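Observations on the model geometry
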Amino acid sequence: MDRKAPAQDEPLFVTRPQLPPLEEVMPYLEEIWRTHQLTNKGPFHEQLEAALCDYLGVEHISLFANGTLALVTAMQALRLTGEVITTPYSFVATANALLWNDLTPVFVDVDPVTLNLDPEQVEAAITPKTSAILPVHVYGHPADVDGLQDVADLYGLRLIYDAAHCFGVEDEGGSILRHGDLSILSFHATKVFNTFEGGAIVSPDARAKQRIDYLKNFGFANETTVVAAGINAKMNEFQAAVGLAQLKHIDAAIHARARIDARYREQLAAIPGIRCHTPSTARRHNHAYFPIFVEDDFPLSRDELYFRLREHGIRGRRYFYPLIPEFPMYRNLPGNDRNEWPNAHEAAERVICLPMYSELGQEDQDTVVQAFNPDEI
Ligand SMILES: *Cc1c(COP(=O)(O)O)cnc(C)c1O
């Protein structure tokens, strides 16, 4: 398969969506055109659910049109009310899903090293209105799952993980997705595993999955019974077919990411003022992102470096900046005060995610690192 590399003068983006060889997708498309089964629990949908349970090492998974609808539906499934404690340091969809459920996000600070929610800060923010905790395993690094579960158990709270960055991540006990009441995945184009758009909810048991499957299909329990004001969030057969083809290449893609990660760390270690994000504690990591911190002893500020990289054709991203609570629809929430999350604020001011995708070549990587060279600054 002749896989076209980006042209020399094309920028290096923070990611380049992974695509399976087209000829491996064609037989699936031919089958769809033969059967005319386009959506609604089609054969590829069912195959992908089974294949993902197997690959990820989980028992119950429900496929979704995208990760945001999976988040919105997970909150419906657990019937959350009032306040939900979450992180300011994430992609905006995490908190938007709360607003779509008429829930009030309460943002608390993250751990300065992992950038994941700090259970102590979570505990301190609990009020009589709190119904759940919504942590993110940010950059695919496992959150403090034991500490968070302890707080949830002690106060009788639900625990939903936004695991959008976590495809394939495992801790000592197995899949990171087994923790909490539900975990949400995203299969967006930019994620480690993509179905163009897509997502999933991982459930602990068959009953939870069943309710979620009703909710994603208008609330239909059977032909004539509607048990909830469900939404339409179904994954279609085209997405599922792409997923089946992608899955055959995912191990190779994650291995390639691991090599790129190691090489960046080696090359950037020599540059004063640039600190790589601490390596993940996961037994199996997916290297979804490569965040660096621009420290005070680097000759340029984070933003100066960001724009300098752009001049060199390198489109890093300031993930996550601004913090979610700094967007206008969150700004005036009670208790929302930027002094409340100094660690998240510090990270938002210092981080750049460098290009990271399985097809990033060594020359491209050298181009990225060269742009940091203090002699050129
Ligand atoms: C990508 C992402 C989402 C949203 O997923 P979509 O599939 O794009 O809707 C939610 N949360 C986090 C942390 C993400 O990175």
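Bear in mind that the values here come from a model prediction, so they are computed numbers and not experimental data.

Digging into the environment of A163
Looking at where A163 falls in the secondary structure, it is placed in the loop between strand 6 (158–162) and strand 7 (170–171). Owing to a relative accessible area of 0%, A163 belongs among the buried residues under this scheme. Separated by 23 residues in sequence, A163 and G140 place their C-alpha atoms 7.4 Å apart. Not counting chain neighbours up to four residues away, the residues in contact with A163 comprise H137, L177, S183, I184 and L185.

Description of the site of the ligand
The immediate surroundings of the ligand are formed by 14 residues, with T68, D162, H165, S186 and K191 found nearest. At 2.7 Å from a nitrogen atom of the ligand is found a side-chain nitrogen or oxygen belonging to D162. Within the complex, the protein chains bury 93% of what would otherwise be the 380 Å² of accessible surface of the ligand. Secondary structure elements with two or more residues in the shell around the ligand: helix 3 (67–77) and helix 4 (93–100). The class makeup of the residues in the shell around the ligand is 3 nonpolar, 9 polar and 2 charged.

As for the pattern of salt bridges
Here the structure, examined in full by the defined rule, presents 18 salt bridges. In this structure, K41 and E46 form a salt bridge, with 3.6 Å as the shortest nitrogen-oxygen distance. Across the salt bridge formed by R302 and D303, the nearest N and O atoms sit 2.7 Å from each other. When its relative accessible area of 4% is taken as the criterion, R302 is described as buried. Salt bridges linked by common partners bring E49, K209, D213 and K216 together as one network.

Considering the pairing of strand 3 (residues 83–86)
Of the two faces of strand 3, both are covered, the one formed by E83 and I85 as well as the one formed by V84 and T86. Strand direction decides the pairing type here: strand 3 and strand 4 (residues 104–107), joined by 4 bridges, are parallel. Opposite V84, over in strand 4, you have P105 as the bridge partner. Chirality of the crossover, the property in question, places the unit of strand 3, helix 4 and strand 4 among those that are right-handed. Of the pairings in the sheet, the one linking strand 3 to strand 5 (residues 130–134) comprises 4 bridges and is parallel in character. What sits directly across from V84, in strand 5, is A132.

Focus: the domain arrangement of the protein
Annotation of the protein at the domain level lists domain 1 (22–247) and domain 2 (250–376). A C-alpha centroid distance of 25 Å is found between domain 1 and domain 2. With 38 residues of domain 1 at the interface, the matching set in domain 2 holds 36 residues. In this structure, the connection of domain 1 to domain 2 is made through 1 salt bridge. Between R283 and E170 there is a salt bridge, with the nearest N and O atoms lying 2.9 Å from each other. Remark: the boundary between domain 1 and domain 2 carries 19 residue pairs in polar contact (both at pLDDT 80 or more). Where the side of domain 1 that touches domain 2 is concerned, the elements lending two or more residues are helix 4, strand 4, strand 7 and helix 8 (237–247). At 3 residues, helix 4 tops the list of elements feeding residues into the side of domain 1 that touches domain 2.

Reading the values: the criteria
- Residues numbered from 1 in each chain as written.
- Predicted model: local features only at pLDDT ≥ 70, side-chain atom pairs only at ≥ 80, totals over all residues.
- Heavy atoms only, no water.
- Helix = DSSP H or I, 4+ residues; strand = E, 2+ residues; numbered from the N terminus.
- Buried < 20%, exposed > 50% of the residue type's maximum accessible area, 1.4 Å probe, protein only.
- Contact = heavy atoms within 4.5 Å.
- Near = heavy atom within 4 Å.
- Polar contact = N/O pair within 3.5 Å; in protein donor to acceptor, adjacent residues only side chain to side chain.
- Areas by Shrake-Rupley, 256 points an atom, 1.4 Å probe, with all protein chains shown as cover.
- Nonpolar A, V, L, I, M, F, W, Y, C, P; charged D, E, K, R; others polar.
- Salt bridge = Lys/Arg side-chain N within 4 Å of Asp/Glu carboxyl O.
- Pairing = 2+ DSSP bridges.
- Right-handed = clockwise from strand over helix to strand, strands pointing away.
- Domains from an automatic or database assignment.

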